[in-house]
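Structural characterization, general
What follows is the residue order along each chain.
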Amino acid sequence: MKVAVIGAGAAGLMAAYAAAANGNDVTVFEKNEKCGKKIYITGKGRCNFTNDVAPDEFLLNVVNNAKFLTGAIYSFSPKRCIEFFENGGMEVKVERGNRAFPLSDKASDVTRCLERYCKNVGVKFIFNTKIDNVSILNSTVSGIIVKAECIPFDKVIVCTGGVSYPSTGSTGDGYKFAESAGHNTIKAVPALCGLNLSGSFYKKLQGLTLKNVCLTAIYRGKVIFSQLGEMLFTHFGVSGPLVLSLSSIINRLNIKELKVCIDIKPALSEEVLDRRILRDFEENSNKSIYNCLKNLLPVSIIGCILERSNINGEKKVNAVTKSERAALLTTIKNFDIIVSSLRDFTEAIVTSGGVDVKQINPKTMESKIVKGLYFCGEVLDVDAFTGGFNLQIAFATGFAAGNSIKQL
């Protein structure tokens, strides 16, 4: 059977290998000059390619449509993914947070391993070629269209990615193919990205990393996110691990109805923190409150906290009133930030949104509308948190599609 795979990224290479391993004649079409252009930049060039947890725990880290992915993740699990790469000659290491990387810390090793697998089963590659559309006849795939010419294929697997990092070739082509085939697409929005903040206070805090803080988001009176971790202030607002995760939770909501705050001292209850502040005050009664707080808070944020608490930083500790101390306590435990928008697709690690999974068979990734048409990876409306989860989704869905295409 002749199979066309559109896109030589993580999902496309896995789909091509799995389909060719079943004896099919597979050709991969890639608009770039080489395979895996987005793989090269993942994990800051180290490529965190999966997360070594059991499938049930893995699915808890999927933000959208975890149920759809259940079969694919159990069939091609993180454990199986690691074994796949090790058997392909790539040494693997697992770091903090169960994140799996090539031992070499080189993302190129992931791509090379996938290319070796593909070449060993006879996959053909055609680079620098943009596909215009998928050819469909009587609700069945008949091939692909390149420069107004139809090239016949029995099956077509679309692995074109989303629209994040467009410089790598992810420009939403797959959405157009899906829509022209009669599929619904969920609006694409940035995921795993920084957040722009209202105001200008954050400019004074640029470069400040807050560790072991709790970031909480409330939407229409309900807590939708509350996690401990690390974040940082930037020239545009906030970023860092906590913020990236939050962005994926809020990217489909009305940002104007969102309330976000930071508990700068989550390990201390209000009562314990109040006692700590009182103790510091007693020990430094003749110091200014600004200098006294250096033992408790990062220096660069003290001015901002005092300003929000309506306390003059030069005020001597022994002159601080009970109500001022209460305001200080409240500000430290509830440091509000107003999110104005998400950073754009040029900075988003992944795309949220894409081909509506209700119209896709979760076992095979085949369209329920057009026979012989498949969608895998980021082009689908599936996304997850950071930590190797999104690449694992690409591998698992690619494998599900390719492996389901058997020789007649």
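Each remark here, short or long, concerns the structure printed above.
Residues numbered from 1 in each chain as written. Predicted model: local features only at pLDDT ≥ 70, side-chain atom pairs only at ≥ 80, totals over all residues. Heavy atoms only, no water.

1. Things to note about the state of the cysteines
Summed over the entire model, instances satisfying the criterion amount to zero disulfides. In this model Cys-118 remains outside any disulfide bridge; the closest cysteine sulfur is found in Cys-35, 7.3 Å from its own. Look at Cys-118 and you get buried, because its relative accessible area is 0%. Cys-376 forms no disulfide, and the closest cysteine sulfur to it belongs to Cys-159, at a distance of 4.3 Å. (Disulfide = S-S within 2.5 Å. Buried < 20%, exposed > 50% of the residue type's maximum accessible area, 1.4 Å probe, protein only.)

2. A word on the packing of aromatic side chains
Describing an aromatic ring pair means giving the distance of the ring centres and the angle of the ring planes. Using the criterion set out here, one finds 14 aromatic pairs in the structure. A ring pair is formed by Phe-84 and Tyr-117, whose centres lie 4.0 Å apart and whose planes are at 15°; its orientation type is stacked. One end of the pair, Phe-84, is in helix α4 (residues 78-87); the other, Tyr-117, is in helix α5 (residues 107-120), and 33 residues separate them in sequence. Exposure remark for Phe-84: the relative accessible area of 10% places this residue in the buried category. On the numbers, 5.9 Å between centres and 80° between planes, the contact of Phe-201 with Tyr-202 is edge-to-face. (Phe/Tyr/Trp six-rings, centres within 6.5 Å; stacked < 30°, edge-to-face > 60°. Helix = DSSP H or I, 4+ residues; strand = E, 2+ residues; numbered from the N terminus.)

3. Side note on the environment of Asp-132
Within the secondary structure layout, Asp-132 lies in the loop between β7 (124-126) and β8 (133-137). Note on Asp-132: relative accessible area 40%, which makes it partly exposed. The spatial distance from the C-alpha of Asp-132 to the C-alpha of Thr-234 is 40 Å, given a sequence separation of 102 residues. Within the local environment of Asp-132, its side chain forms a polar contact with the backbone nitrogen of Lys-147, the two atoms lying 2.7 Å apart. (Polar contact = N/O pair within 3.5 Å; in protein donor to acceptor, adjacent residues only side chain to side chain.)

4. Remarks on unusual backbone geometry
In this structure, Cys-47 is a non-glycine residue whose phi angle is positive, near 65°. Its identity as a non-glycine residue notwithstanding, Asn-65 has a phi of 65°, on the positive side. Among the secondary structure elements, Asn-65 is positioned in the loop between β4 (62-64) and α3 (66-75). Note on Asn-65: relative accessible area 29%, which makes it partly exposed.

5. Thoughts on the side chain of Ser-309
Secondary-structure assignment places Ser-309 in the loop between α11 (299-308) and α12 (322-333). Discounting residues that sit within four places of it in the chain, Ser-309 has contacts with Ala-327, Leu-328 and Thr-331. (Contact = heavy atoms within 4.5 Å.)

6. Notes on the packing of helix α9 (residues 270-283) against α12
The N-to-C vectors of α9 and α12 enclose an angle of 125°; their axes lie 10 Å apart at closest approach. With respect to α12, the element α9 is oriented oblique. Helix-helix and strand crossings are classified by hand; for α9 and α12 the assignment is right-handed. Residues Glu-270, Leu-273, Asp-274, Ile-277, Leu-278 and Phe-281 of α9 lie in contact with α12, whose contacting residues are Arg-325, Leu-328, Leu-329, Ile-332 and Lys-333. Taken together, the residues of the contact of α9 with α12 break down into seven nonpolar, no polar and four charged. (Axes fitted to C-alpha atoms, helices over the stretch in contact; angles between N-to-C directions. Parallel < 35°, antiparallel > 145°, perpendicular 65-115°, else oblique. Left-handed = near helix turned anticlockwise from the far one by under 90°. Nonpolar A, V, L, I, M, F, W, Y, C, P; charged D, E, K, R; others polar.)

7. Brief notes about the sheet that holds strand β9 (residues 140-146)
The pairing of strands in a sheet happens through backbone hydrogen bonds and is either parallel or antiparallel. Sheet architecture is open: three strands sit in the order β8-β9-β10, paired in antiparallel fashion. This sheet does not close on itself; its edge strands, each paired only once, are β8 and β10 (149-152). Sheet twist, expressed as the mean angle between neighbouring strand axes with direction ignored, is 40°. Relative to β10, β9 is paired through four bridges, and the arrangement is antiparallel. Bridge pairing in β10 places Ile-145 opposite Cys-150. (Pairing = 2+ DSSP bridges.)

8. Regarding the pattern of salt bridges
Taken as a whole, this structure holds 18 salt bridges when the rule is applied. Here Lys-79 makes a salt bridge to Glu-83, at a shortest N to O gap of 2.9 Å. One end of the pair, Lys-79, and the other, Glu-83, are both in helix α4, four residues apart, so they sit about a helical turn from each other. With a relative accessible area of 55%, Lys-79 lands in the exposed category. The exposure class of Glu-83 is partly exposed, given its relative accessible area of 35%. In this structure, Glu-257 engages Arg-220 in a salt bridge whose closest nitrogen and oxygen atoms are separated by 2.8 Å. Taken as a pair, Glu-257 in the loop between α8 (241-250) and β17 (258-263) and Arg-220 in the loop between β14 (209-219) and β15 (222-233) lie far apart in primary sequence, 37 residues in all. When its relative accessible area of 32% is taken as the criterion, Glu-257 is described as partly exposed. (Salt bridge = Lys/Arg side-chain N within 4 Å of Asp/Glu carboxyl O.)

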